[in-house]
Amino acid sequence: MLFRSLRAELEAYGGLLALFAEQRQCLLQRDADAVLDLAGAIEARAQTATAQREERERCVRELSLALGVSGERTLRALVPCFPEPVRPLVSALIDEINVLVHRLRRGARQNRELLARTLDVHQETLRFLRPASVVSTYSPGGRANLSSTAAAWQATG
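Residues numbered from 1 in each chain as written. Predicted model: local features only at pLDDT ≥ 70, side-chain atom pairs only at ≥ 80, totals over all residues. Heavy atoms only, no water.

Another point: the layout of surface pockets. For the largest pocket, the calculated volume is near 350 Å³. Every residue along the wall of the largest pocket is listed here: Leu 27, Leu 28, Arg 30, Asp 31, Ala 32, Val 35, Leu 36, Leu 114, Leu 115, Arg 117, Thr 118 and Val 121. Listed by contribution, the elements that provide at least two residues to the lining of the largest pocket are α1 (2-28), α2 (32-67) and α4 (87-129). Here the lining of the largest pocket is composed, by residue class, of 8 nonpolar, 1 polar and 3 charged. There is about 260 Å³ of room inside the second largest pocket. Surrounding the second largest pocket, 17 residues form its lining, Arg 56, Glu 57, Val 60, Thr 74 and Leu 75 being those nearest its centre. Looking at the lining of the second largest pocket, the elements that each hand over two or more residues are α1, α2, α3 (75-78) and α4. In terms of residue class, the lining of the second largest pocket is made up of 7 nonpolar, 2 polar and 8 charged. (1 Å grid on protein atoms, 1.4 Å probe; cavity = no way out; pocket = protein on both sides within 12 Å on 5 of 7 lines; lining within 4 Å. Points joined across faces, edges and corners; volume = space filled by probe spheres on them. Helix = DSSP H or I, 4+ residues; strand = E, 2+ residues; numbered from the N terminus. Nonpolar A, V, L, I, M, F, W, Y, C, P; charged D, E, K, R; others polar.)

A surface patch of positive charge is lined by Arg 103, Arg 106, Arg 109 and Arg 112. Along the chain, the position of Arg 109 falls in helix α4. Of the residues examined, Arg 109 reaches a relative accessible area of 39% and is grouped as partly exposed. (Patch = residues over 30% accessible without salt bridge, like charges linked within 9 Å, V, L, I, M, F, W, Y side chains within 5 Å. Areas by Shrake-Rupley, 256 points an atom, 1.4 Å probe, with all protein chains shown as cover. Salt bridge = Lys/Arg side-chain N within 4 Å of Asp/Glu carboxyl O. Lys, Arg positive; Asp, Glu negative; His and termini not counted. Charge placed at Lys NZ, Arg CZ, Asp CG, Glu CD. Buried < 20%, exposed > 50% of the residue type's maximum accessible area, 1.4 Å probe, protein only.)

The next subject is the packing of α1 against α4. Running from amino to carboxyl end, α1 crosses α4 at an angle of 25°, the nearest separation of the two axes being 9 Å. The angle between α1 and α4 falls in the class roughly parallel. Note that α1 runs across α4; the crossing there is left-handed. Residue composition of the contact of α1 with α4, grouped by class: 19 nonpolar, 6 polar and 4 charged. (Axes fitted to C-alpha atoms, helices over the stretch in contact; angles between N-to-C directions. Parallel < 35°, antiparallel > 145°, perpendicular 65-115°, else oblique. Left-handed = near helix turned anticlockwise from the far one by under 90°.)

Our next topic: the packing of α1 against α2. Across the interface, α1 lies against α2 with an axial gap of 8 Å and an inter-helix angle of 160°. As summarised for this structure, α1 and α2 are arranged roughly antiparallel, according to the angle between their axes. In this structure, α1 crosses over α2, and the sense of that crossing is left-handed. When the residues that make up the contact of α1 with α2 are grouped by side-chain class, the tally is 21 nonpolar, 5 polar and 7 charged.

Attention now moves to the pattern of salt bridges. In the structure shown here, the tally under the stated rule is 7 salt bridges. Among the salt bridges present, the one from Arg 58 reaches Glu 55, with a minimum N-O distance of 2.4 Å. Here Arg 58 and its partner Glu 55 are both found in helix α2, 3 residues apart, which amounts to about one turn of the helix. A salt bridge links Arg 76 to Asp 95, with the shortest nitrogen-to-oxygen separation between them at 2.6 Å. Here Arg 76, found in helix α3, pairs with Asp 95, found in helix α4; they are 19 residues apart in sequence, far enough to count as distant. On the basis of relative accessibility, which here comes to 37%, the residue Asp 95 falls in the partly exposed class. Among the charged side chains, a network of salt bridges with common partners joins Glu 55, Arg 58 and Glu 62.

This part is about α4. Between its first and last C-alpha, α4 extends 63 Å over 43 residues, near the 63 Å set by a 1.5 Å rise per residue. Among all positions in α4, only Val 90, Leu 93, Ile 94, Ile 97, Leu 100, Leu 104, Gly 107, Asn 111, Gln 123 and Leu 126 are buried. (Expected span 1.5 Å × (residues − 1).)

This is a description of form; function is not addressed.
Given below as structure tokens:
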């Protein structure tokens, strides 16, 4: 059961990573419709990945109880409890999950930065085309927020 949940978690993370790469490509190609479609697919896959992670954590808790190990234990801490021939497989699966999680964080950060830059360019274009239509305000945290009037959207739309 544990190995099945580890494989399912790996599959979910791999699929999410592929969606991030696809979204990044669409951002670079300026395909707004595809970016929007992929945002929904990414959210759905992220929910699946979260469910898979929770299932794996449940399996680890059950294994801890079955082995009589007290307290919350990580899967890595349980590796010595596995038979010697299985330990390298468990360690490799843990390592691969950690690598994918790191790559997912980096991919999400890259996509977020690309999206932010795309919005900045869009706002700069609106400001150039219709300077009076873009209003700058600041949030309580000091972040600049730009908003456009409806007339600007109609003029550029």
